[in-house]
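Coordinate inspection notes
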Amino acid sequence: MGLFDKLAGWLGLKKKEVNVLCLGLDNSGKTTIINQLKPSNAQAQDIVPTIGFSIEKFKTSSLSFTVFDMSGQGRYRNLWEHYYKEGQAIIFVIDSGDKLRMVVAKEELDTLLNHPDIKHRRIPLLFFANKMDLRDALSAVKVSQLLCLENIKDKPWHICASDAVKGEGLLEGVDWLQDQIRAMKT
Amino acid sequence: MIKKFDKKDEESGSGSNPFQHLEKSAVLQEARIFNETPINPRRCLHILTKIIYLLNQGEHFGTTEATEAFFAMTRLFQSNDQTLRRMCYLTIKEMANISEDVIIVTSSLTKDMTGKEDVYRGPAIRALCRITDTTMLQAIERYMKQAIVDKVPSVSSSALVSSLHMVKMSFDVVKRWVNEAQEAASSDNIMVQYHALGLLYHLRKNDRLAVTKMLNKFTKSGLKSPFAYCMMIRIASKLLEETEGGHDSPLFDFIESCLRNKHEMVVYEAASAIVHMPNCTARELAPAVSVLQLFCSSPKAALRYAAVRTLNKVAMKHPSAVTACNLDLENLITDSNRSIATLAITTLLKTGSESSVDRLMKQISSFVSEISDEFKVVVVQAISALCQKYPRKHSVMMNFLSNMLRDDGGFEYKRAIVDCIISIIEENPESKETGLAHLCEFIEDCEHTVLATKILHLLGKEGPRTPTPSKYIRFIFNRVVLESEAVRAAAVSALAKFGAQNDDLLPSVLVLMQRCMMDSDDEVRDRATFYMNVLQQKQKALNAAYIFNGLSVSVLGLEKSLHQYTLEPSEKPFDMKTVPLATAPITEHKTEIAPVATSKLPEKLAPSRQDIYQEQLSAIPEFQGLGPLFKSSEPVQLTEAETEYVVRCIKHTFANHMIFQFDCTNTLNDQLLQKVLVQMEPSESYEVLHYVPAANLPYSQPGSCYSLVRLPEDDPTAVSCTFSCTMKYLVRDCDPNTGEPDDDGYDDEYVLEDLEVTVADHIQKVLKPNFAAAWDEVGDECEKEETFALATVRTLDEAVNNIVSFLGMQPCERSDKVPENKNSHVLFLAGVFRGGHDVLVRARLALADGVTIQVTVRSTDDNVVDVILASVG
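What counts, and where the lines are drawn
Residues numbered from 1 in each chain as written. Chains lettered and ligands numbered in written order. Predicted model: local features only at pLDDT ≥ 70, side-chain atom pairs only at ≥ 80, totals over all residues. Heavy atoms only, no water. Contact = heavy atoms within 4.5 Å. Buried area = accessible area lost by both parts, 1.4 Å probe. Salt bridge = Lys/Arg side-chain N within 4 Å of Asp/Glu carboxyl O. Pairing = 2+ DSSP bridges. Helix = DSSP H or I, 4+ residues; strand = E, 2+ residues; numbered from the N terminus. Axes fitted to C-alpha atoms, helices over the stretch in contact; angles between N-to-C directions. Core = buried A, V, L, I, M, F, W, Y, C linked by side-chain atoms within 4.5 Å. Buried < 20%, exposed > 50% of the residue type's maximum accessible area, 1.4 Å probe, protein only. Phe/Tyr/Trp six-rings, centres within 6.5 Å; stacked < 30°, edge-to-face > 60°. Lys NZ or Arg CZ within 6 Å of the ring centre and 35° of its normal. Left-handed = near helix turned anticlockwise from the far one by under 90°. Nonpolar A, V, L, I, M, F, W, Y, C, P; charged D, E, K, R; others polar. Parallel < 35°, antiparallel > 145°, perpendicular 65-115°, else oblique. UniProt positions renumbered as here; feature names shortened; annotations may be inferred. pLDDT = per-residue confidence, 0-100. Arc of directions from axis to C-beta. Expected span 1.5 Å × (residues − 1).

1. Remarks on the interface of chain B and chain A
Each side of the interface is counted separately: chain B has 20 residues, and chain A has 21 residues. Together, the buried faces of chain B and chain A total about 1800 Å²; carbon and sulfur atoms form 55% of this surface. Across the chain B-chain A interface, the total number found is two salt bridges. We note a salt bridge from Glu56(A) to Lys111(B), for which the minimum N-O separation is 3.4 Å.

As C-alpha cells, then:
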C-alpha cells in the first residue's frame, strides 16, 4: 500500500479492502445474496447457476468487500480450496428448506474447516440460513444444531436466518462480519 | 509498457529482446504476487507477458505448475485495470489446453461478455469459447446467440468467429444459431457480414443445395462487404467445379459480374477464379485477362504482383490469351520490384513467339545479375521450358546459359543451369557438341563435386559417340590431376568408356589409366586397375557388361544379400541373380515435363518402394523361402472410387510365385470387418497356395491381406491369367461414435473387379545406357523376329507408348521419343525376365495406313523369347 493509500485510509476516504469467500451447496442462494448486497444500480436481473466462480464487489459503511462467489455444484466444489488462502472471512450459505442435503452441507463444512489453509487461522465464519420464507424452512437454531456449529471453538462464527430475494437478514449478518474483521485488524 | 522496456534496453545496452534469458521456474515463482492484495496491475501485467512469451517459445509447462499459475491468474479478475484484464484473456487462451479445470473462469467470462465494458466483451467471448467443451456449450448458448446479433461489431464478429471454431467440435449446437447468423449477415459492418457469411457457409458446406440457395439469396440482395464478395466468389467457383456447371450457369454470371465491382479485391478474386476454372475457353478468359492487364499498370505493387502472378499461371494453359498483355508485361520487366520483374519475364518467355525469343533473352541478361539466386533458378526453369517449345532456338539459349554458368552463383542455381543444358543436349542431337563444350569448360573451374561427377558421367556416355571424341580426353584427364577423390574416380570411369568405344583412342587411354593406377586414393586406383584389365582383353562383351552397362541391382538389396551371405558362408559362390533388381527410377517420365524440377529430389539414397515391400513381405512367416522379390506392380484399383470398401491390389512377382497384396479400406463407420481375405479363382493353371487374412479392419484404417499363388512350372509360356476376386469377411456392426462392436457378427462377401496378370508383371525394367553394346553381349543364339501390323493405331507415338506399357520394359537411348515428321522409328527396350534372364527388344516401326512393327527379341533364354513374341501377337 502506498503512502497515499494509507493516508486516505486514516482519513476514512478510502475504505479498507477485504477478501471474502462465499461458499455453500448449489442452489443455496450465494449469488443472490451477493447480488442483493451490491448497490442497486449494479444488480443483475436474472441469476443463473455460477460456473467456476465470479468476483463481485460491494461496500459497507467502513469496508470494501471483494467476494469470491464460488460455484456450489458438486463437481466444482473441489476447486474451492484454490482460493482458501485468499479469504479473510467466509460466508457459508445453507438452504434451510433443503433438509435432505443438510448432511451434505455439514460434510462440506467439515472438509472446509479441516483444510490446512483454514484450520489454524482465526477467521470469522458467517452462516446464512437462507430461504427462511419457505414454509417448511428450518430455524437458524435448528440449522446450527444440524451442522454442529457449537463444535467450532477456535473461530468466531455467527448464524442468521435470511431471505435473499427480499434482502431480509442480510445486513444483520454483514454488520457482524464487518465488526469482526475490524476487531481482528486492530 | 513497451516504451518502458525500450528505455531499459537503451540504458543497459544489451540485446533487443528483454525476455531473452527467462527461466520458467523463476517466472512461476514471480507469479505468486498474483495472490497479493491489493493487486499491482503493472507488475502482474509484466509477469503475464513473460508467461505468454515462454509458452510461445515452446517451453513445456507441467500440468500441476500450469494449473497453479492459472488459478493464481484467476485472482486478477478482481482488478478493473483494462490492460490487465485483456492480458488475462490472452493467458486463458494460451493455457486452455495445458491447465486443468480452466472452466473455473466460465462465470467470470460470461459476466464480462454480457457486461457494460465493450472492450472486454469481444475478447471475453473468444476466451470463453476456447475453454468451453461440448457439454458446457449449452450453458453459454443463450449468451452466444445474443452476442452474434449484438449491435457492437467487434462483439458480433468475435462471436461469429468463435462459433466457426466450435463448428468443428460441436456442429449440432452451433447449427442452432443459423437464424442469428442470418441476421448478422445483413449487418452494415463489413467484417461482421464477412464473418457471418463464413459461418453460414461452414454450417452448410456439406449440403450442396443449401449452399446454392444461400448463394442465390446473397447474389440477388447484394452485399456491402468486399471480403464477403471474395468469399462468395470462392464458394461459387468451388460449386461450379463440383457440379461441372457450364459457363451459362448463373453462378458463372455472378462471378463475371464481380469483374465490374468497385473494389479491386473483388475484381481480382473474380478474375483469378475465372482463370483457374478448368475447361475455360478463350472467350470467357478475355474479360478476366483484360482486368488483370489493367492491374499491371496499377501504382500499387501488390496489385501488379497479383496480376502478373496470375497471368503467369494463365500463360501455362492459354499462352495466346496472355499475348494481348505482352506490352504491359514488357514494361514490368524494368519494375523496381524484382519479384514482379522476374514473373513478368517468365510469363513473357511462355507466351513469346519464336521471333521474340532473341529480344527477350537480351533483356533478361541485362538484369539477371541484379536478382537473387532463387529468381535466377525460376528464370532458368522458364528458359528450359522454352527450349522444349522452340528446339531450333537452342543456340541462343545455349549461349545465354553458358554466360550464366560463368557468372557467380550458388549451388542450386548452377545445378539448375547444368540440368537445363543436359536436357537440351538430350532433346537436341544438334546441340550436343556445343553443350558438351560448355560443360567441359564449366568443370574446368567447378567447386561442386556433385555437378562435376554428373557432367563427367554425361561426358563418358555421350562423348565417345561424337565425331571427335579425342578433344574431351584432355578435360577429363585434367580432373584426374586436379580434383578431389570423388571427381577423380568419376573421371576414370569416363575415360574407360572412351577407351572401350573408340579403338583408335584405346592405346592412349591405356597409358592414362596407367597413370591413374598411381593415384593416392583407393577408389581411384581400384577403378583404374579394374578398367585397365577389362580394356586389355579387347572383348566387346566384357566391355558391354562391365564398362557401359553397370550393375542393375538395387544397392540396398545387394548390401542386404551380401550381409546375409557373409553370415552363412557356403561353398557356392555368391549369385548375383538372387539380388533384387533396381527399379527404374520413377522420376524418368517426369524429367520431360519439368527438367529442372527434378533437381530438388533428395540426394540421399532412400530405400526404394520395392525394398520396403521386400521388408514387409519377408516379415510374414508364410512367405519365407520364396527368394528375392522380383517386381512389385503399381497398385490396381479393384473397386470404384466411392464404394463401401475400397480395395487395391499390388502384384509382387517372385521367381516361381506371385503374392497379391490387397490393401483394403473400410469406409463404413458402423462396421468392423474381421478375417478379411480375397478369394481368387484363376482362369489358367495358376494355383492358389495360401491366404493370409487381415485380422481386423476398423473404419478408415487400411489393412492388408495377401494371397500366395504358384506360377505354372510345366508351362513357362503361360504368363497371363485372369483372376476373379471376391472379398470374404465377418461383419460386426458397431456404434459409429465409439467404434464399440457388437458381440456377434455374420459372414458376408463383396465381389471385386477381375485382376489381370500380364506379361509386364514378369519383366523388370532395366536401363541399359548403351543398348548396342548390350545387344551384342546377349548375342543372337536365341533371337527371333516377327512382323505385326497394328491397324487401329494412327501415330508412331501412340504405338511406342502401347508397346512400352504392354511389355513393361525400359526404353533405352531415349528411343521412346519419336522425332517429329518421321514415318519410321526404332524402339529399344531392355528388361529382365522373372528368373533373371536378360531380354532385349528392338522394334522397328513404320507408319503407313496404320503402323507396322517388326519385333526382334534377344534373350539368354529361349522360352522368354517365345513368351514375348506370343504376347505381342
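2. Quick look at the sheet that holds strand S6 (residues 157-161) of chain A
Residue and element names in this part refer to chain A. Judged by pairing direction, the sheet is mixed, and its six strands sit side by side in the order S2-S3-S1-S4-S5-S6 without closing on themselves. Of all strands in the sheet, those bounded by a partner on one side alone are strand S2 (53-59) and S6. The sheet shows a mean angle of 25° between the axes of neighbouring strands, taken without regard to direction. With respect to the sheet, helix H3 (residues 102-114) is in contact with strand S1 (16-24), strand S4 (89-95) and strand S5 (125-130), its orientation differing from that of S4 by roughly 165°.

3. Overview of the nonpolar core
Within soluble globular proteins, side chains that are nonpolar generally end up buried alongside one another. Residues and elements named next belong to chain B. Counting 234 residues, the largest nonpolar core has Phe34, Leu109 and Ile255 as the members making the most contacts within it. Once residues lying within four places of it in the same chain are set aside, the contact partners of phenylalanine 34 are Ile39, Cys44, Ile47, Leu48, Ala72, Met73, Arg75 and Leu76. Residues Val800, Leu807, Ala843 and Val865 belong to the second largest nonpolar core, which totals 30 residues.

4. Observations concerning the packing of aromatic side chains
Aromatic ring pairs are defined here through the distance separating the ring centres and the angle between the ring planes. Counting across every chain of the model gives 20 aromatic pairs over all chains. With centroids separated by 5.0 Å and ring planes inclined at 20°, the aromatic side chains of Phe58(A) and Phe65(A) adopt a geometry described as stacked. Judged by its relative accessible area of 1%, Phe65(A) falls in the buried class. Taken together, the ring pairs connect Phe53(A), Phe68(A), Tyr83(A), Phe70(B) and Phe71(B) into an aromatic cluster. Residue placement shows Arg85(B) over the ring face of Tyr120(B); its charged tip is 4.9 Å from the ring centre. Positioned over the ring face of Phe475(B) is Arg474(B), at 4.5 Å from the centre of the ring.

5. Overview of the packing of helix H14 (residues 226-243) of chain B against helix H15 (residues 250-258) of chain B
Each packed pair of helices is defined by two parameters, the angle between the axes and the distance between the axes. Residue and element names in this part refer to chain B. Contact pair H14 / H15: the axes reach a minimum separation of 9 Å and the direction vectors enclose 145°. When you trace H14 past H15, the crossing you get is left-handed. For the pair formed by H14 and H15, the contact residues are Tyr229, Met232, Ile233, Ala236, Ser237, Leu239 and Leu240 on the first element and Leu251, Phe252, Phe254, Ile255 and Cys258 on the second. When its residues are assigned to classes, the contact of H14 with H15 shows 11 nonpolar, one polar and no charged.

6. What about the environment of Lys765(B)?
By the element assignment, Lys765(B) lies in strand S12 (residues 763-765). Expressed as a C-alpha distance, the spacing of Lys765(B) and Gln810(B), which sit 45 residues apart in the sequence, is 4.7 Å.

7. A word on the packing of helix H28 (residues 470-482) of chain B against helix H29 (residues 485-501) of chain B
Residues and elements named next belong to chain B. Interaxial distance between H28 and H29 falls to 8 Å at its minimum, and their mutual angle equals 150°. For the element pair H28 / H29, the angle class is roughly antiparallel. Two packed elements cross with a definite hand, and for H28 against H29 that hand is left-handed. Across the interface between the two elements, Tyr472, Ile473, Ile476, Phe477, Arg479 and Val480 of H28 pack against Val487, Arg488, Ala491, Ala494, Leu495 and Phe498 of H29. The residue inventory of the contact of H28 with H29, partitioned by class, reads 10 nonpolar, no polar and two charged.

8. Comments concerning the environment of Ser298(B)
Relative to the elements of secondary structure, Ser298(B) occurs in the loop between helix H17 (282-296) and helix H18 (301-317). Residue class for Ser298(B) comes out buried when judged on its relative accessible area of 10%.

9. Observations regarding the UniProt feature "repeat: HEAT" in chain B
All names here are of chain B. Within this structure's numbering, the places UniProt gives as "repeat: HEAT" are residues 64-101, 283-320, 321-355, 356-392, 395-430 and 467-504. Counting secondary structure, residues 283-320 comes out at 87% helix and 0% strand; the distance between its end C-alpha atoms is 12 Å. With 79% helix and 0% strand, the stretch residues 467-504 has end C-alpha atoms that lie 13 Å from each other.

10. Concerning the confidence of the model for chain A
If pLDDT is low for a region, its predicted coordinates should not be looked at in detail. Per-residue confidence for chain A gives a mean pLDDT of 87, with 91% of residues at or over 70. Mean pLDDT in chain A bottoms out at helix H1 (residues 3-10) of chain A, which sits at 57, and peaks at S5(A), which reaches 94.

11. Side note on helix H22 (residues 357-367) of chain B
Counting along an α-helix, one turn takes 3.6 residues, and residues three or four places apart therefore face a common direction. Residues and elements named next belong to chain B. All of the buried residues along H22 are Val357, Leu360, Met361, Ile364 and Phe367. For H22, the angular spread of the buried residues around the axis is 130°, confining them to a single face. Facing away from the buried surface of H22 by more than 90 degrees, the exposed residues are Lys362 and Ser366. Residues of H22 that are buried make contact with helix H21 (338-351), helix H23 (373-389) and helix H24 (394-406).

12. A look at helix H3 (residues 41-56) of chain B
End to end, H3(B) covers 22 Å across 16 residues, agreeing with the expected 22 Å (1.5 Å per residue, within 8%). Along H3(B), the positions that sit buried rather than exposed are Cys44(B), Leu45(B), Ile47(B), Leu48(B), Lys50(B), Ile51(B), Ile52(B), Leu54(B) and Leu55(B).

13. Quick word on unusual backbone geometry
Negative phi values dominate among residues other than glycine, just as trans dominates among peptide bonds. All names here are of chain B. Phi angles above zero are rare outside glycine, and aspartate 101 is one such case at about 55°. Position of aspartate 101 relative to the elements: it lies in the loop between helix H5 (82-95) and helix H6 (106-113). For lysine 675, which is not a glycine, the phi torsion comes out positive at approximately 50°. Within the secondary structure layout, lysine 675 lies in strand S5 (residues 671-682). Take lysine 675: its relative accessible area is 58%, and that puts it in the exposed class.

14. Looking at the confidence of the model for chain B
All names here are of chain B. Per-residue pLDDT for chain B averages 81, and the proportion of residues at 70 or more is 93%. Long-range and interchain partners of residues 1-13, a stretch whose pLDDT sits below 50, account for 11 contacts in this model, where long-range means more than four residues apart. Scored below 50 in pLDDT, residues 584-605 makes 27 contacts in the model with residues more than four places away or belonging to other chains. Complex prediction metrics read pTM 0.61 and ipTM 0.86.

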